[in-house]
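Listed below, chain by chain, are the residues.
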Amino acid sequence: MDKETVTTSLIYATRPPQPSAVSNALVFGWRAVLKFKHIPEQLFDLVMTPIMFTLLFTFVFGGALSGSTAAYLQYFLPGILVQTVVFNSMYSGMGLSTDLGKGLFDRFRSLPIWSLSPFAGLMVGDILRHLIASLLILFIGVLLGYRPEGGIIGVVEALLLLLVIGFGFGWIFLVLGLVMRTPSTVMTMAFTGIMPLVFASNIMVDPATMPGWLRVFVDVNPVSLMTTAMRGLMAGNVTAAHLGAALVAPILLTVVLAPLTLWLYRRK
């Protein structure tokens, strides 16, 4: 091939099409999947913590709180699903902080990709964690005697609600991952904020037994509202009001914190 032909080919060569936002997100999502393969010890904490919570609270407190472990399990298990998803959401912030510390996001920022695609990958990792933990808890619960009266449809709807909850809460920890300097600081701040929401809720006990001043907070606590909707879905008697109240917090968190995450990322 002579020089003139090569020059002509270069002139008329077309640039490859730029990958779409969805394609970018899927690539980073696959990166999140590969993390489970290369860092399998992450699964230990993911699996053991919900199992221990389920077993300990059911057998230690079940008889005292509900008269029997079987009755308490029917009340408690939907709540422990919500608790597990909220706790697991912090891993996205810790992963983001780790990647920032290694300088990976400096490279991502220089690439011609959708700005939010690295965060989409972190969210995919979160979704996998939520599904694994939730299905494991359901399996343990069924072995212990839990029976979802809503049937398969109710369970599937409850899992979808859990994914929405995890997606909304994940933005909180992404913001922390961008603001805090180390993963350990992200975890400390996350636990500081999560603990009052989780334990001052209706996950473990009926709010009717609480002092009046505490019940005021518990009744409007987003975790309580999401747990009430979860119980309704699993039992097959959820109301539109309960479901709508459960979706308010995840939707607001996404609408407010997704743009804030992108703004912090571009400034960092």
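In this text, all values refer to a predicted model and were calculated from it rather than measured experimentally.

Draft legend 1. Inspection of the overall build of the chain at higher detail. Secondary structure summary: the chain contains 12 helices and zero strands in total. Helices and strands in the chain line up, N terminus first, as α-α-α-α-α-α-α-α-α-α-α-α. Projecting the C-alpha coordinates of the chain onto the three principal axes gives extents of approximately 90 × 35 × 35 Å. Looking at the chain residue by residue over its 268 residues, the buried ones come to 41%. Pairs at least 24 apart in sequence give 78% of the contacts found in the chain among residues at least 6 apart. Only carbon and sulfur atoms are counted for the fraction: they give 71% of the accessible area of the chain, which is about 14,100 Å². The centroid of the 16 positive side-chain charges in the chain is displaced by 8 Å from the centroid of its 11 negative side-chain charges.

Draft legend 2. View of a nonpolar patch on the surface. Where nonpolar side chains cluster on the molecular surface, the patch consists of M52, L56, V60, F61 and L65 and spans about 470 Å² of accessible area. Here V60 shows up in helix α3 (residues 42-66). Judged by its relative accessible area of 54%, V60 falls in the exposed class.

Draft legend 3. Geometry of the layout of surface pockets. Here the second largest pocket defines a volume of roughly 240 Å³. In terms of lining, the second largest pocket is formed by 13 residues, of which the most central are D45, T49, F87, Y91 and F191. Of all the secondary-structure elements, those providing two or more residues to the lining of the second largest pocket are α3, α4 (69-88), α5 (90-102) and α9 (183-199). For the lining of the second largest pocket, the per-class residue count stands at eight nonpolar, four polar and one charged.

Draft legend 4. Spotlight on the environment of G154. Looking at where G154 falls in the secondary structure, it is placed in helix α8 (residues 151-179). For the pair G154 and M230, spaced 76 residues apart in the sequence, the C-alpha separation amounts to 9.1 Å. If we skip the residues at most four places from it in the chain, G154 touches L233 and M234.

Draft legend 5. Layout of the nonpolar core. Membership of the largest hydrophobic core comes to 58 residues, with the highest contact counts inside it found for L77, L81, L96, F119 and M234. Elements with a contribution of two residues or more to this core: α4, α5, α6 (104-110), α7 (117-144), α8, α9, α11 (222-235) and α12 (240-267). Element by element, the count of residues in this core is highest for α8, at 13 residues. Beyond its immediate sequence surroundings of up to four residues, M234 is in contact with L77, P78, L81, L138, Y146, P148, E149, G150, G154, V155 and A158.

Draft legend 6. Region of the structure containing the pattern of salt bridges. Applying the stated criterion across every chain yields a total of two salt bridges. Residue D126 is joined to R129 by a salt bridge in which the shortest nitrogen-to-oxygen separation is 2.7 Å. Note that D126 and R129 are positioned in helix α7 at a spacing of three residues, about one turn of the helix. Here D126 and R129 have matching classes, each one buried.

Draft legend 7. Representation of the packing of aromatic side chains. Following the criterion strictly, the structure yields six aromatic pairs and no others. Between F57 and F61, the ring centres sit 5.2 Å apart and the planes meet at 40 degrees, which makes this aromatic pair tilted. Placement of the pair is F57 and F61 together in helix α3, with a separation of four residues, close to one helical turn. Assessed through its relative accessible area of 15%, F57 is described here as buried.

Draft legend 8. Representation of the side chain of S134 within the structure. Within the secondary structure layout, S134 lies in helix α7. Look at S134 and you get buried, because its relative accessible area is 2%. Those residues within four positions of S134 in sequence are excluded, and the remaining contacts are L81, V85, L159 and L162.

Draft legend 9. Quick look at the packing of α8 against α11. In contact at an axis separation of 8 Å, α8 and α11 are set at 160 degrees when each is read in the N-to-C sense. Viewed along their axes, α8 and α11 adopt a mutual orientation that is roughly antiparallel. Residue-level inspection shows G154, V155, E157, A158, L161, L162, I165 and F169 of α8 in contact with α11, the latter providing M226, A229, M230, L233 and M234. Of the residues in the contact of α8 with α11, the class split is 11 nonpolar, one polar and one charged.

Draft legend 10. Fine view of the side chain of D99. For D99, the position within the fold is in helix α5. The exposure class of D99 is buried, given its relative accessible area of 3%. Every residue in contact with D99, bar those within four places of it in the chain, is listed here: R31, K35, L104 and F105.

The rules we used
- Residues numbered from 1 in each chain as written.
- Predicted model: local features only at pLDDT ≥ 70, side-chain atom pairs only at ≥ 80, totals over all residues.
- Heavy atoms only, no water.
- Helix = DSSP H or I, 4+ residues; strand = E, 2+ residues; numbered from the N terminus.
- Buried < 20%, exposed > 50% of the residue type's maximum accessible area, 1.4 Å probe, protein only.
- Contact = heavy atoms within 4.5 Å.
- Areas by Shrake-Rupley, 256 points an atom, 1.4 Å probe, with all protein chains shown as cover.
- Lys, Arg positive; Asp, Glu negative; His and termini not counted.
- Charge placed at Lys NZ, Arg CZ, Asp CG, Glu CD.
- Patch = residues over 30% accessible without salt bridge, like charges linked within 9 Å, V, L, I, M, F, W, Y side chains within 5 Å.
- Salt bridge = Lys/Arg side-chain N within 4 Å of Asp/Glu carboxyl O.
- 1 Å grid on protein atoms, 1.4 Å probe; cavity = no way out; pocket = protein on both sides within 12 Å on 5 of 7 lines; lining within 4 Å.
- Points joined across faces, edges and corners; volume = space filled by probe spheres on them.
- Nonpolar A, V, L, I, M, F, W, Y, C, P; charged D, E, K, R; others polar.
- Core = buried A, V, L, I, M, F, W, Y, C linked by side-chain atoms within 4.5 Å.
- Phe/Tyr/Trp six-rings, centres within 6.5 Å; stacked < 30°, edge-to-face > 60°.
- Axes fitted to C-alpha atoms, helices over the stretch in contact; angles between N-to-C directions.
- Parallel < 35°, antiparallel > 145°, perpendicular 65-115°, else oblique.

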